[in-house]
Amino acid sequence: MVDKHIIATIAESGIAVDDAQDMAERVFGAVLSSLAAGRTVQIPGVCRLRAPRKPAWPGTLKRQAVEQRKVGIVHPAIIEQGAPYEVAKPIDPQVSSHAWGQAIRAAAEGQGQ
């Protein structure tokens, strides 16, 4: 069953709910069959989906392998980005977190004396 929010969005355009349900099921069925066939599916403005065939080892003994396809997201898009905001710890890519902690401790010791 297709997500009810998708059906509601399609129905807002004037299409009957039953037709919207059928349409969405056909589209997602086509996406699934394309992925199962080894093709990449592009979702415009969102991402690309791939399902490469890989071996998996079920069970704990790992004596048998099975081939499976697992869907993965490739090249996800940023669909929303907020305004920048201040954080408590400035991010400096030149300074590791360990060195950052040492600098804070050294500054605290300098103020305590």
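Details of the structure are given in the entry above.
Quick look at the structure, then. Just so you know, these numbers come straight off a predicted model, no measurement behind them.

**Concerning the overall build of the chain**
The helix and strand inventory of the chain stands at 3 helices and 5 strands. In sequence order, the chain lays out its α and β elements as α-α-β-β-β-β-β-α. A total of 113 residues make up the chain; the buried ones form 12% of that total. For the chain, long-range pairs separated by at least 24 residues make up 26% of all intrachain contacts whose partners lie at least 6 apart in sequence. Put simply, the chain shows about 9,700 Å² of open surface, and 57% of that area lies on carbon and sulfur atoms.

**Structural notes on the pattern of salt bridges**
Taken as a whole and assessed by the stated rule, the structure comprises 1 salt bridge. Close ionic contact of arginine 26 with aspartate 22 constitutes a salt bridge, the shortest N to O distance being 3.3 Å. Here aspartate 22 and arginine 26 lie together in helix 2 (residues 17-36), a separation of 4 residues that amounts to about one turn. When its relative accessible area of 61% is taken as the criterion, arginine 26 is described as exposed. Residue classification places aspartate 22 among the partly exposed positions, given a relative accessible area of 35%.

**Overview of a nonpolar patch on the surface**
Taken together, the side chains of Ile6, Ile15, Met23, Val27 and Phe28 make up a nonpolar region of the molecular surface, amounting to roughly 380 Å² of accessible area. With respect to the secondary-structure elements, isoleucine 6 resides in helix 1 (residues 4-11).

**Let's talk about helix 2**
Its 20 residues give helix 2 an end-to-end C-alpha distance of 28 Å, which sits within 8% of 28 Å, the value for a rise of 1.5 Å per residue. Considered for burial, the residues of helix 2 that qualify are Ala20, Gln21, Ala24, Ser34 and Leu35. Angularly, the buried residues of helix 2 cover 165° about the axis, an arc narrow enough to put them on a single face. Facing away from the buried side of helix 2, by more than 90 degrees, are the exposed residues Asp18 and Arg26. The inward-facing, buried residues of helix 2 contact helix 1, strand 1 (41-43), strand 2 (47-50) and strand 4 (66-69). Downstream of helix 2 by one or two residues, glycine 38 has phi in the positive range, about 95°.

Conventions used here
Counting restarts for each chain, with residues numbered from 1 along the sequence as it is written. Two thresholds apply to this predicted model, a pLDDT of at least 70 for residue-level local features and 80 or more for giving and counting side-chain atom pairs, whereas whole-chain, interface and lining totals are computed over all residues. With hydrogens and water excluded, all non-hydrogen atoms of the structure serve as input to the side-chain values. Elements are defined by DSSP. Helices are runs of H or I of four residues or more, strands are runs of E of two residues or more, and each kind is numbered from the N terminus. The rule is simple: take the accessible area with a 1.4 Å probe, protein chains only, and divide by the maximum for that residue type; under 20% is buried, over 50% is exposed, in between is partly exposed. Contacts are assigned to residue pairs that have any heavy atoms within 4.5 Å of one another. We get accessible surface area from the Shrake-Rupley algorithm with a probe of 1.4 Å; when it comes to residues, only the shown protein chains can shield them. Criterion for a salt bridge: a side-chain nitrogen of Lys or Arg within 4 Å of a carboxyl oxygen of Asp or Glu. Within this analysis, patches are made of residues with over 30% relative accessible area and no salt bridge. Like charges are joined at 9 Å or less; nonpolar side chains (Val, Leu, Ile, Met, Phe, Trp, Tyr) at 5 Å or less. Helices are assigned an expected span. That span is 1.5 Å times one less than the residue count. The arc in question is traced by the directions running from the helix axis to the C-beta atoms.

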